Amino acid sequence: MKHAIYQMDIIPGDPENNRKRVKEWLEKQVKEEKPDIVVLPEMWTTAYTLDQLDEIADSNGEPTRSFLKELAKTHQVHIIGGSFANKAGDGIYNTALVVNNKGEEIYTYDKIHLVPMLNEPKYLTGGEKHAHVFELDGIKMGLLICYDLRFPELARELALAGAEVIYIVAEWPSARKDHWKALQLARAIENQCYVISSNRIGSYDGVKFCGASLVVDPWGTIIKEGSEEQEETLIEAVDISNVERIRKEVPVFKSRVPEMYQGWK
């Protein structure tokens, strides 16, 4: 499965122009690279303009939901749609969306873990539903949003449910860039799955973001890495058969003794 990963420099507080940039980027990738799947970063419509979200966030997923579905259908490409600010009910959520190459919405997820360091809990509502596995082309996948990466329980639940790929969409700051890489390697190694991330680049409100989007294989080897300084596209095809092979070579899941893990299933 060939990926095009957008390490994007987001225009703060300008959803319309960010959607325009994504549209132009995706059209270029489809024409030149012919990916099976494209991946966008976290909060790519607005960036972390948290104090503006009441005015500029989507409402019940629109217009971003329809925008991504139309792009996917027109270009026959799967879209891991990053995440976007989404007003629903009485809250504003950090919502991820996955659309298949027929333009069908197959998965949504509201970020569970809100980042105290970026003041998310003041403006956003945490997700109330479990993350779960979805499928594209028969491949089982999971998706986490940024700070979720720090919680191994969440990735392990996805792996136990069969996830062969876990996507991380993020706006991860440069101040914690060493953690960004180390945690992805850990999640790949301990769950013996691919970890594929799209992190934004650039800065906003005094916070610089570290880019360094990654493709990590189930052995924990980095097979593609983005720059820490510039917007770019990472192109990489992954061989899903490596997941089964590595899980047989080092049978971690068969070696588990879950009754001995307090608080674990």
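Before reading on, note that the structure itself is shown above.
Scope of this entry: the structure provided in the associated data block. Bear in mind the structure is a predicted one, so any value in this text is a computation, not a measurement. (Residues numbered from 1 in each chain as written. Predicted model: local features only at pLDDT ≥ 70, side-chain atom pairs only at ≥ 80, totals over all residues. Heavy atoms only, no water.)

What follows covers the packing of aromatic side chains. With the rule as written, the count across this model stands at 5 aromatic pairs. Between the aromatic rings of W44 and F67, the centroid separation amounts to 6.2 Å while the plane-to-plane angle is 40 degrees, which identifies the pairing as tilted. Of the two residues, W44 sits in the loop between β2 (37-39) and α2 (53-56) while F67 sits in helix α3 (residues 64-75), which places them 23 residues apart along the sequence. In this structure W44 comes out as buried when scored by relative accessible area, which is 0%. Aromatic side chains Y107 and F134 sit 5.0 Å apart centroid to centroid with 25 degrees between the ring planes, which places their arrangement in the stacked category. One end of the pair, Y107, is in strand β6 (residues 105-110); the other, F134, is in strand β7 (residues 134-136), and 27 residues separate them in sequence. The exposure class assigned to Y107 is buried, which follows from its relative accessible area of 3%. (Phe/Tyr/Trp six-rings, centres within 6.5 Å; stacked < 30°, edge-to-face > 60°. Helix = DSSP H or I, 4+ residues; strand = E, 2+ residues; numbered from the N terminus. Buried < 20%, exposed > 50% of the residue type's maximum accessible area, 1.4 Å probe, protein only.)

Here we take up the pattern of salt bridges. Tallied over the full model, the rule gives 18 salt bridges. Between E225 and K181 there is a salt bridge whose closest N-O contact spans 2.8 Å. Taken together, the positions of E225 in strand β14 (residues 222-225) and K181 in helix α6 (residues 177-191) put the pair 44 residues apart, joining distant regions of the chain. In this structure, K208 engages E229 in a salt bridge whose closest nitrogen and oxygen atoms are separated by 3.3 Å. Of this pair, K208 sits in strand β12 (residues 207-210) while E229 sits in the loop between β14 and β15 (232-237), and the two are 21 residues apart along the sequence. Residue classification places K208 among the partly exposed residues on the basis of a relative accessible area of 41%. In this structure E229 comes out as exposed when scored by relative accessible area, which is 57%. Residues joined in a network through salt bridges with shared partners are D9, E171 and R200. (Salt bridge = Lys/Arg side-chain N within 4 Å of Asp/Glu carboxyl O.)

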